[in-house]
Amino acid sequence: MGLLTLIVLLPLAGFLLNGLLGNRLGKGFVTAVGCGMPAIAFAVTIKCFLDLKGGGWAPLSEVAYVWTMVGQDTFEVAFWFDRLTAVMALIVTGVGTLIHIYSTGYMHEDKSYARYFAYLNLFLFFMLLLVLGKSLLVLFVGWEGVGLASYLLIGFWFGDMEKAAAGKKAFIVNRIGDAGFLLGMFVLYSAVGTLDMPKINAAFMGTPVPAVSASLVGILLFIGACGKSAQIPLYVWLPDAMAGPTPVSALIHAATMVTAGVYLVARMSGIYLHAPEASSVIAAVGALTALMAATIALAQDDIKKVLAYSTVSQLGFMFVAAGVGAYGVAVFHVYTHAFFKACLFLGAGSVIHAMSGEQDIKKMGGLARKIPITFVTFAIATAAIAGVPPLAGFFSKDEILWFALASDRGGSVLLVLVMAFTALLTAFYMFRLLWLTFFGKPRMLKEVEHHVHESPLSMTGVLMVLAVLSAVGGFLSIPHFLEPMVALPGVRPGMDAYHYWVVGGSVAIAAVGLGAAAYFFGGDASRAAAVKAGFTGVYRVLSNKYYVDELYDRVINRPLLWISDAIFLRVGDRFLIDGTLNGLASVAQRAAGRLSRVQTGSLHKYAFLVLVGMVASLVWMWRHG
Amino acid sequence: MIREFLAHLDTLLIWAFAGCAFVSASLMLVLRRPMRVAIALVSCMVFLGGVYGLLGLHFIAAFQVLIYVGAVMVFMVYAIMLLDPRDESSGAHKYSKLFWAGIIGFALLAEALAVGYWNDLPHAPRGAAGEPFDILRFSEAFLSEYWLHFELTSVLLVAAVVAALAVIRENRRHDRG
Amino acid sequence: MDKVQMLQVLAASLFALGLTGVIIRRNVLVMLMCMELMLNGVNLSLATFAHNMGSAVGAVLVFLIFVVAAAEIAIAIPIVLLLVRRKRTLDIETYTDLKG
Amino acid sequence: MADATILSLVLYLPVAGMLAIAALPAGRDGVVRAFTLAVMVLQFLLSLILYAHFDPAVPGLQAATRVPWIPDWGVNYVIGLDGYNVLLVILTTFLGPLVTAGAFSAIAKQVKLFYAMVFLIQFAMLGTFVAQDLFLFYLFWETMLIPMFLIIGIWGGERRIYATVKFFLYTAFGSILMLAAVIYLVWSLWQTTGVASFAFADLYKARLPLEAQQWLLAAFALSFAIKVPMVPFHTWLPDAHVEAPTAGSVILAGVLLKMGTYGFMKLGFPLFPEATRLATPLIAMLSVLSIVYGACLALVQTDIKKIIAYSSISHLGYVMLGLVSLDLLGIQGAIMQMVSHGLVAGGLFLMVGMIYERCHTRELAAYGGLAKVLPVYSVFFLILTLASVGLPTTSGFTGEFLVLIGAFNAAWKPLAGTPGIPVWVAAVAVSGVVLGALYMLWFAQRFLFGAERVPHGPVADLNAREVSILAILVAAVFWLGLFPDGAMKRTELAAREYQELVAAKRAPAATRLTGEVPAEAVR
Amino acid sequence: MNFTAVSIAMAPEHLLLAGIVALLVLEIVSEKSHAALPLAVVFTGAAACAAAWLGFSGWTGAPFPGQFVLTPPTAFAKAIVLAMAVPVILFSKDDFGEGDFYPLVLSSLYGVCLIASAESFLTLFLGIELMSIPVYVLVLMGFRRPESAEAALKYLVLSGTASAAFLMGASLMYGSTGSLSLASFGAALSSTDLLARTAVVMVVSAFFLKAAIVPFHGWAPDAYEAASIPSTAYMAVIVKAGALIAAARVFGTAHVAEPLAGLLALLPLVSIVWGNLTAMRQPGLRRMIAYSSIAHAGYLFFAFLGDGPGRFQAVMFYLAAYGFMNVLAFAALPSNPSDVERDRLENLKGLFHTHPFAALLIGMAMLSLAGIPPLPGFIGKFLIFKNVMAAGYTTWAVLGLVGSYLGIYFYLRVIQYMFMSPAAAATGHAPSRGIAMGASLLCLAGSILIAIVPAFFLARF
């Protein structure tokens, strides 16, 4: 069994052990297995990375086994390890491990501790399957699997219908995306005749290009990506997904799973390079999502909701990058985002932990002094996401803005302006969050305030590590690392001059955002209140997330139920089909009644019938002569 | 002239007998009292016997008179005498509801049956007629070729007797309980 | 029309008359007699044919019919007796207990 | 021991069991149960031998037995295994013991008759699958009605009479027309080739004018479509499922419905290729209609069993789609989907039965939060639910995935000489994936999660017997999901042959027929 | 005409006759004796064996040329009918412990045998009468209920009408072809002149009357209902068999052409539908069976559409399958002091709980009559419709099958009552006598044989 397979199987083993034996063998065992497996997986991944390097970056590939073979069509479970995979795998295992460790502290009191770690390991297993898979089939297996894991983890506290419903919503919305993904896969298969991603890319790179519209395939696959990576119109599940435990939000809904869509697009770049229409769709959707989510984030008071929307918004950034052909940059942002967003979520977790479950930033404030480590790390991460140089976020976001402007694959001024504005909003609401949570006077209840305490080392340690990473992560330039695999797009003629403008601009944006937040939320909340009073209407719309959920409910949910119930069930089944059949039955019954009334018991009648019979037969006989 | 008349006498008689038979047969449907009906039937049978005789089938004529009139009808008359007094309805309504239907049926059936005769009735050589049917020839054929049926009729009569006895027995049981 | 045809028609009408009698007369005994009438019609037809083509078979069948007719009456009368004992009437329309 | 003997043994064990049960003294229910289980297990083990000995590389019949039966009609007693039926036979024998064990506590009255009927239906179903002679096939096909009629009618719910009569009359109507078609088919074979034979192998060679083919296909299809059931011939299914006792539902969903799809695959389509090729788009549309329609109806049911019943309609839509795709992947997928649905739906019905035994209601509204009360139960239930949704690594995925790929192949590049499937039809079929998730998860959520609501609670979690039943089932589900290759190898040749028969133009004049199974086919 | 030939060829008839005589003697010497039943069984069985033996030995001959012929098929036909009669006699013990039942049955059987090997209309006529006359009395025998006399009269009158029609037809045929041999009927079938056709119609309608085909069926339900169970069984099975065999003899292997074919398809189809529909509403088993037997007569006459030798084969096979199961149904019916209550379907409710074995047997019989595989009824139906299609009457065959579908429901209803309903309160059913069980087992054995080795029976006709 090769190393790649091992990477995948380790978390699975963790899942099985914890799932089957966890409850019997106690917390210690669970912790050991739960954290140990990912850690080992991380180590093995590093080993693979070194091998990759040692092998002159020639992709590693190994076949686990043949899933099935029909005629000449072979579906095998094979793994593939190249630069892109390396980055993703490292993020997944690395961050994953950290979050596992963090969870040991965070979930310590929870009575279904074992189940939690089992699910978490299950998630890692599928995520790695997704990342390492060589063929779309394996990728899809992971793709669905992570969906399942997130379903289970979001609904982890299923006693509460809200949370269970959130899990279901996540799964179903994802399924809608997956349907698109499947369609894309099938079209691809019947066109190219294989699901092997390297082969597919090669096929599209080479000549003749397969006889299928790359844009069609691209868009279909992107629908899948939309589902997984929470883009318009399928983003609605992510905010609700915050119902899960905070580490889960950090791992699944910030660092890893939600970026799978970006990974898919980057992985399938071969197709998208031939699908300008699809690419521009991606860019447009990304930009729109980014903007919309950012605006919504302005008006959210739940600390996790803010982060959730910012995640959606950041994913938008990534897709813009992918849309303009800068796949490396997109992955770069995935990479940086993994660090600072994980850090933010975990920090939020630590805050919630300290606030004994309170999530409303309106009821916080002045926590900086009480939980310093959390504060510092959170601040660093905030700065990073806001794009304050030289933190990680700055580099990736700057690159995105640059290519949004300059890429010869659909970069444009409009795009860059939208993104810049979004970046500004980002900086603003993130600092707002920071301020409301950590500065100002405490607004929480007294007894809560007493209990406020710094989290255990298992959590703070992780926070510090992530903070460091989100601080320095940016210096390792992923795009150039990936260059040999996915080239960056060319620069439109005459754009080079503007590079420094963009850099300066993004710095300025961060500063402005910071300043504005400080201005509005620094002192007492009066200024903010004034603004809010100014724009009540807008504020309501924003705080209600543009009423999208309600819209979907009215446009999709209810009609579907109505058709099923009123048309199919009542008209179709009961009236048309069963109605007809019962009608026939009763006709037969009535006929039976009529006929048996012929039998009056009168011999005369019987004899007459005989006479009639004879005459009729005779007539019949010589009529048909 | 007389001779010609005598030459055609048998034909005339047949026509006459047939007519009388038909009339008495139709009377059976009209007369109310069973006894009268019985008498009508008897006369019809007798006329038919006459027809047989004129056709030269003397023994059939004989049997017609012996078995039918002699046995069957006498039995029937007894039955009538036995049962008619007990009939409390005493033929209050002579006809069933199906009277007209029956009449129309009669017309149709008679017509339907008769149709065959108009078209395809074979006209066999007259010469042969009546010739094999002196009683001697017949009984000889009967006992040589058809004695099987002779035997069988005896079986049938046995069965009939047993059956009749059984019914009588039922009658008796009916009396008891 | 010639003699044979006439006799056949007579036979047919006797048969039909008999059947009609069974249909329209209510008195059981009369119905039985009508059955006899039908058989007479048959006999006439057979006899005429026998005479017409000069073969004995028809006559033999006539003979058999005599016997069978006698047998049937011999059974029918006691049955009627049973009926009358119960309902004290010969009107067949009253014997309609079995129906449906 | 020769395979042929084993096959006959497998087929006739149930009959022996039935007679033995009849001989057992009344009132010894425990003995009856144990005995039945023992026989069923034995039968399963024997069938495993068959499965192991089954040679994927050999076309045609294996382990065949052939005895002339009614020579002057050309009726022979021919049974044997081939790629078409091998999996279904295993499925049947596999579900047998589970059903038996599952009914231990559920069936309290007339235990003897019950297990006798289970044996009888087992016999009939196996016979239908292994029969290689149309007359024999029809006998078994119809025989199956009798025990099912009694099982639903005697041990069923309140409206059991209505349900069972509906079931019987519905199915019988199809069969009557099929009978007419069978007679006509054989007669015309005899007319064209001078050979009276009911052997499938010969009937495949019958050359019929297109019009006749269409009529006959219609008759066969009606009968099979009712059994499958395909919308709009499905309304017997929900009633039958709801009213039937658990064992009945399991058999019904597990194996009985497969008889319909098997019939299509083995007879309906191959016998009338030209007509089938003409009808392909229509049938594809009906299949997709079934998929969507079933899913939508499952969405609005309030009765647990009805949800699963309608989901069956939806899932078998996939099977039909795969069959008409005439694409190797699709056909293989269809076969896998048959087996998978047998396992999953069967399992779900078993679980519903288990909860029903405890809480005595099938109203979904009455339940909630079972995951807290019955953790083990909930885990199994969730697994089966996800398998039914077609989550990768479960058998459900294998079937759906291959069927859909096949459908798209048929849509983009249909086999030469076949009309293929309209693209939009294939696309709509994919929507079943979403709808499936919709109703199953909605169901699971209301059932397992949320606030605790347990009628007649508190109730005990699954006992060892039930756990072992479900564990076996789930293991099979995952096995077929992760390693389907072994099974699919065995069916591949059959799938090819089916494809050949339906898609390929026939050899001009039917070659001289032998009136029996070709020698080379028997091994 | 040599004597041995006669005695061999007519062995079954002779045995029956001997039985009749013996029974009468017994009757005379002792008033109440229990030897009657065994005696009847023995002689009937012996006759059956003799017939079977004649058949197997392939004995062929015509002791009375042109009147009486014996060929293996006819011999087997006799054997089957007599075999079916044995269980009827057996389970009649409850109703007719002593008395004239047995001689009557035997003489009626004698008639059937005569029909089977009749070669001329004279023999045939005597056979038919000999078969029917005792049955008039069987209907009212035991006189369990006052209506039975009425039923007997109805049956007698209509059946007498049938004989008259039959004779009329014979006479007309005699007129047109000049002979009374069955062969000449075949000639009449093919001839187009109206006299012959009229003859054919009269004969056919006589058969319709005897076999109860709509609209000639009026007598059947009443007679079946009023008769006591064994007599009903006898009528439903053996009298019907007699009528059908007679028809088969008359039609021989002659081809049936339009317009007669139309007639032979239409009226049976009507009676299939009519019988099956009307049976749905019947409260009593006997009346229900009566209507079902009307439908079955329809199937049987369908067989006449088919050509040639297959015709007799189909009729006989169907009769065997149908007959055994029908007798089985009646034999298994638990006895009951009240003749009316005995077969009320209401009283069959929950029969499985009180008399499981009987319920199983009746259920099997019902399914077989409904033509559900693998029971023999199905094979018979299959054979008939196969012939019909082979003769090219596809549409008629399909219609007939659909008509037969209508019949399934009421058979199911009986099963539903017996198995799926709670036991009816105090039906007064007594556990069936061992002898009745024996009778039903006999039928069961016969049916199973037919189902398992149909080829064997098919080869015999």
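See the structure printed just above.
Everything numeric in this text was worked out from a predicted model, so none of it was measured. (Residues numbered from 1 in each chain as written. Chains lettered and ligands numbered in written order. Predicted model: local features only at pLDDT ≥ 70, side-chain atom pairs only at ≥ 80, totals over all residues. Heavy atoms only, no water.)

**A look at the overall build of chain D**
What counts is decided by this rule: Here a strand is any run of E in DSSP of at least two residues, a helix any run of H or I of at least four, and the numbering for each starts at the N terminus. The quantity called the radius of gyration is restricted to C-alpha atoms. Its globule counterpart is 2.2 Å times the number of residues to the power 0.38. Burial classes follow relative accessibility: with a 1.4 Å probe on protein chains only, a residue under 20% of its type's maximum area counts as buried, one over 50% as exposed, and anything between as partly exposed.
Summing up its helical and strand segments, chain D has 20 helices and 2 strands in all. A compact globule built from 523 residues should have a C-alpha radius of gyration of about 24 Å, and chain D, at 22 Å, falls within 12% of that. For chain D, the spread of C-alpha atoms along the three principal axes comes to 70 × 60 × 40 Å. For chain D, buried positions account for 72% of its 523 residues.

**Regarding the overall build of chain A**
Filter applied, for reference: Pairs of residues are marked as contacts when any of their non-hydrogen atoms sit within 4.5 Å. Surface exposure here means Shrake-Rupley accessible area, sampled with a 1.4 Å probe, where a residue is shielded only by the protein chains that are shown.
Each helix and strand counted, chain A has 25 helices and 2 strands in total. The 625 residues of chain A split such that 60% are buried. A sequence separation of at least 24 residues applies to 80% of the contacts in chain A between residues at least 6 apart. Summing over all exposed atoms, chain A offers an accessible surface of approximately 21,600 Å²; the carbon and sulfur share of this is 70%.

**A word on helix H5 (residues 99-120) of chain B**
Our working definition: One fewer than the residue count of a helix, multiplied by 1.5 Å, yields its expected span. What is called the bend at a residue is the angle between a pair of axes, fitted to the seven residues leading up to and ending at it and to the seven starting from it.
End to end, H5 of chain B covers 33 Å across 22 residues, agreeing with the expected 32 Å (1.5 Å per residue, within 8%). Its maximal kink placed at Leu113 of chain B, H5 of chain B deviates by approximately 25 degrees. Inspection of H5 of chain B places Gly102, Gly105, Phe106, Leu109, Ala110, Ala112, Leu113, Ala114, Val115, Gly116 and Tyr117 of chain B among the buried residues, and these make up the whole buried set. The secondary structure elements touched by the buried residues of H5 of chain B are helix H25 (603-623) of chain A, helix H1 (3-24) of chain C together with helix H7 (147-177) and helix H9 (194-211) of chain E.

**Topic: helix H12 (residues 260-279) of chain E**
Here H12 of chain E contains 20 residues, and its C-alpha end-to-end distance of 28 Å stays within 8% of the 28 Å for a straight helix at 1.5 Å per residue. The buried fraction of H12 of chain E is high, at 17 of 20 residues.

**Some points on the pairing of strand S1 (residues 62-70) of chain D**
Residues and elements named next belong to chain D. What counts, and what does not: We treat two strands as partners when DSSP finds at least two bridges between them.
Where S1 lies against strand S2 (residues 75-81), 6 bridges are found, and the strand directions are antiparallel. Opposite Thr65, over in S2, you have Ile79 as the bridge partner. In this structure, the hairpin formed by S1 and S2 is closed by a connection of 4 residues, where Gly74 is found at a positive phi of approximately 75 degrees.

**Some details on the interface of chain A and chain C**
A common way to report how large an interface is uses the accessible area buried once the components associate. Just so we agree on the cut-off: Put simply, buried area is the surface a 1.4 Å probe can reach on two separate parts but cannot reach once they are joined, added for both. Salt bridge, as used here: a side-chain nitrogen of Lys or Arg that lies within 4 Å of a carboxyl oxygen of Asp or Glu. Counting of polar contacts relies on pairs of N or O atoms within 3.5 Å, with two restrictions inside protein: one atom must be capable of donating a hydrogen and the other of accepting it, and residues adjacent in sequence are counted only when both atoms are side-chain atoms. Amino acids outside the nonpolar list (Ala, Val, Leu, Ile, Met, Phe, Trp, Tyr, Cys, Pro) and the charged list (Asp, Glu, Lys, Arg) are all regarded as polar, and Gly is one of them.
Taken residue by residue, the interface counts 12 residues in chain A and 14 residues in chain C. For the pair chain A and chain C, the summed buried area comes to about 990 Å², and 71% of that belongs to carbon and sulfur atoms. Taken together, the links from chain A to chain C amount to 0 salt bridges. At the junction of chain A and chain C, the tally comes to 3 residue pairs in polar contact (both at pLDDT 80 or more). Among the residues forming the side of chain A that touches chain C, the class breakdown is 6 nonpolar, 6 polar and no charged.

**Let's talk about the pattern of salt bridges**
Enumeration over the complete set of coordinates arrives at 39 salt bridges over all chains. Through salt bridges with shared partners, a single network forms among Asp578 of chain A together with Arg159, Lys166, Asp239 and Glu243 of chain D.

**Some remarks on the interface of chain B and chain C**
Opposite the 82 residues of chain B that make contact, chain C presents 74 residues. Buried area between chain B and chain C, both sides added, is near 7,200 Å², and the carbon and sulfur share of it is 77%. Inspection of the region where chain B meets chain C yields 1 salt bridge. Among the salt bridges present, the one from Glu93 of chain C reaches Lys97 of chain B, with a minimum N-O distance of 3.4 Å. Remark: the boundary between chain B and chain C carries 13 residue pairs in polar contact (both at pLDDT 80 or more). Mapped onto the side of chain B that touches chain C, the elements with two or more residues apiece are helix H2 (9-30), helix H3 (34-55), helix H4 (58-83), H5, helix H6 (135-144) and helix H7 (147-176) of chain B. Top element by residues in the side of chain B that touches chain C is H4 of chain B. It accounts for 14 residues. Looking at the side of chain B that touches chain C, its residues break down into 60 nonpolar, 12 polar and 10 charged.

**Re the layout of surface pockets**
Keep this limit in mind: Points on a 1 Å grid, built from protein atoms alone, make a cavity when a 1.4 Å probe fits but cannot get out and make a pocket when they are open with protein on both sides within 12 Å along at least 5 of 7 lines; residues with an atom within 4 Å of a point are the lining residues. Grid points are joined across faces, edges and corners, and a volume is the space filled by probe spheres set on the points.
One number sums up the size of the second largest pocket: a volume of about 1,800 Å³. Its residues assigned to classes, the lining of the second largest pocket comprises 41 nonpolar, 6 polar and 2 charged.

**A look at a positive patch on the surface**
Selection rule: Patches were defined on residues exceeding 30% relative accessible area and lacking a salt bridge, with like-charge contacts within 9 Å and nonpolar side-chain contacts (Val, Leu, Ile, Met, Phe, Trp, Tyr) within 5 Å. In this tally, Lys and Arg are treated as positive and Asp and Glu as negative; His is ignored, and so are the chain termini. Taken as the charge location is NZ of Lys, CZ of Arg, CG of Asp or CD of Glu.
Among the surface-exposed residues, Arg590, Arg594 and Arg597 of chain A together with Arg281 of chain E lie close enough to one another that they form a single positively charged patch. Looking at the secondary structure, you find Arg594 of chain A in helix H24 (residues 548-598).

**Quick word on the state of the cysteines**
Applicable threshold: Any cysteine sulfur atom paired with another within 2.5 Å is treated as part of a disulfide.
Counted by the stated rule, this structure contains 0 disulfides over all chains. Just so you know, Cys44 of chain B is unpaired, no disulfide at all, and the nearest cysteine sulfur is the one on Cys20 of chain B, 10 Å from it. The class of Cys44 of chain B is buried, set by a relative accessible area of 0%. Lacking any disulfide linkage, Cys49 of chain E is separated from the closest cysteine sulfur, that of Cys113 of chain E, by 13 Å. Classification of Cys49 of chain E by relative accessible area gives exposed; the value is 52%.

Coordinates in, geometry out; function isn't part of it.
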